[in-house]
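Tertiary structure, described
Residues per chain, in single letters:
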Amino acid sequence: TTEAYEAAFDAAVAADERIEPRDWMPEAYRATLIRQMAQHAHSEIIGMQPEANWITRAPSLRRKAILMAKVQDEAGHGLYLYSAAETLGVSRDELLDKLHTGRQKYSSIFNYPTLTWADVGAIGWLVDGAAITNQVPLCRCSYGPYARAMVRVCKEESFHQRQGYELLLALSKGTPAQHAMAQDAVDRWWWPSLMMFGPPDDASAHSAQSMAWKIKRHSNDELRQRFVDICVPQAESLGLSLPDPDLRWNEERGHHDFGTIDWSELTEVIKGNGPCNEQRLGQRRRAHEEGAWVREAAAAHAAKRRTAQHT
Ligand code: FAQ
């Protein structure tokens, strides 16, 4: 009976066991996972664009090779996550269609422009840093395929984060103009990076249920605080400042206090009104249309091989 299935599901979650694709699960659990995993996959794919902008303008062959590898990793994460989402009974085509028609989201952060080379460093340090802070706990997510996908993704993101840090360090210790460029990038990416963690807990529609299901292990505000605490000493060693006059250590809390986030900005960006929303989605749709012949050729080839095997 459904009650028995439900009891088994609840017991598995309570015991920190993994839910696997063939296990019974509440429809709302399935729907929440599809929503979050699809949004995550879309973010990886759209997230290739801001940095890919700089591949042709990287300042050296070494930097270019590193950046190409990083952007390829992001494509890999996206495909990996689409495959994990497919175990829930949706197809990749369906998810891509929802992205292209604006019915599924991707992370707000990728709607900001990459104006200078230093932005590549700021994305690695701050955006990948925020992504890791959010994703390490997802390695313990109750849904097996998502949790396992996160292990490899986090290892690669850690490398990306160090790459960004090292790039910013080189600029920060370079000429005064390079230092200023690094500082300007950090000034522009800091607040949007804090917004990546989602709305504050009291405005987070899904947190309570997702934490009860052990999809999320920490609240949005907890992870945001963890990220701020990690970044402060790193900014110091970089010789760069964080653009928040209210940022200071709070002895009593054992955490850094920080300034108020402009939540209206996050709302606007999520609604489609960020600086680059139109450009990002437009480029994604174009890439999909221009790739139609590859999908057709691959399908024709697969069909031909199937008939060849059967004769
Ligand atoms: N942007 O109730 P909550 C990367 C939406 S890292 C856009 O708190 P939830 C790596 C949310 O979907 C970035 N939308 O939602 C990389 C919901 O809307 P809905 C991707 C946002 O799910 C680095 C509504 O607001 N990482 O790509 C955002 O419990 C460098 C209410 O929010 C992940 O996706 C936002 N920032 O918590 C690639 C991690 N925040 O669906 C390239 C997995 C919230 O009801 C270069 N996801 N919303 O219409 C998560 O951990 C969660 O989904 C949260 C949101 C924490 C993002």
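Quick look at the structure, then.

What counts as what
- Residues numbered from 1 in each chain as written.
- Predicted model: local features only at pLDDT ≥ 70, side-chain atom pairs only at ≥ 80, totals over all residues.
- Heavy atoms only, no water.
- Core = buried A, V, L, I, M, F, W, Y, C linked by side-chain atoms within 4.5 Å.
- Buried < 20%, exposed > 50% of the residue type's maximum accessible area, 1.4 Å probe, protein only.
- Contact = heavy atoms within 4.5 Å.
- Near = heavy atom within 4 Å.
- Polar contact = N/O pair within 3.5 Å; in protein donor to acceptor, adjacent residues only side chain to side chain.
- Areas by Shrake-Rupley, 256 points an atom, 1.4 Å probe, with all protein chains shown as cover.
- Helix = DSSP H or I, 4+ residues; strand = E, 2+ residues; numbered from the N terminus.
- Salt bridge = Lys/Arg side-chain N within 4 Å of Asp/Glu carboxyl O.

A few points about the nonpolar core
Taken as a class, soluble globular proteins show a tendency for nonpolar side chains to be buried jointly. Within the largest apolar cluster, 77 residues are counted, with the highest numbers of intra-cluster contacts made by Y29, W125, Y143, Y146, W189, W190 and L242. If we ignore the near neighbours within four places in the chain, the residues touching Y29 are F9, I19, S142, Y143, W213 and I215.

Let's talk about the site of the ligand
Neighbouring the ligand are 34 residues; Q39, K105, S204, H206 and K216 lie closest to it. Between an oxygen atom of the ligand and a main-chain N or O atom of A205, the distance comes to 3.0 Å. Note that an oxygen atom of the ligand is positioned 2.6 Å from one of the side-chain N or O atoms of H206. In isolation the ligand exposes 1100 Å². Once the protein is present, 91% of that is buried. Elements that contribute at least two residues to the shell around the ligand include exactly α2 (27–46), α4 (61–86), α6 (118–135) and α7 (144–172). Per-element accounting of the shell around the ligand gives the leading share, 6 residues, to α2.

As for the pattern of salt bridges
Taken as a whole and judged by the stated rule, the model has 16 salt bridges. Across the pair E74 and K70 runs a salt bridge whose closest N-O atoms are separated by 2.6 Å. With E74 and K70 both in helix α4, this residue pair falls 4 residues apart, about one helical turn. The partner of D257 in a salt bridge is R253, and the shortest N-O contact between them spans 2.8 Å. For R253, a relative accessible area of 40% puts it in the partly exposed group. Sharing partners across several salt bridges, the network here consists of E51, K70, E74 and D128.

Purely geometric stuff here, so don't read any function into it on its own.
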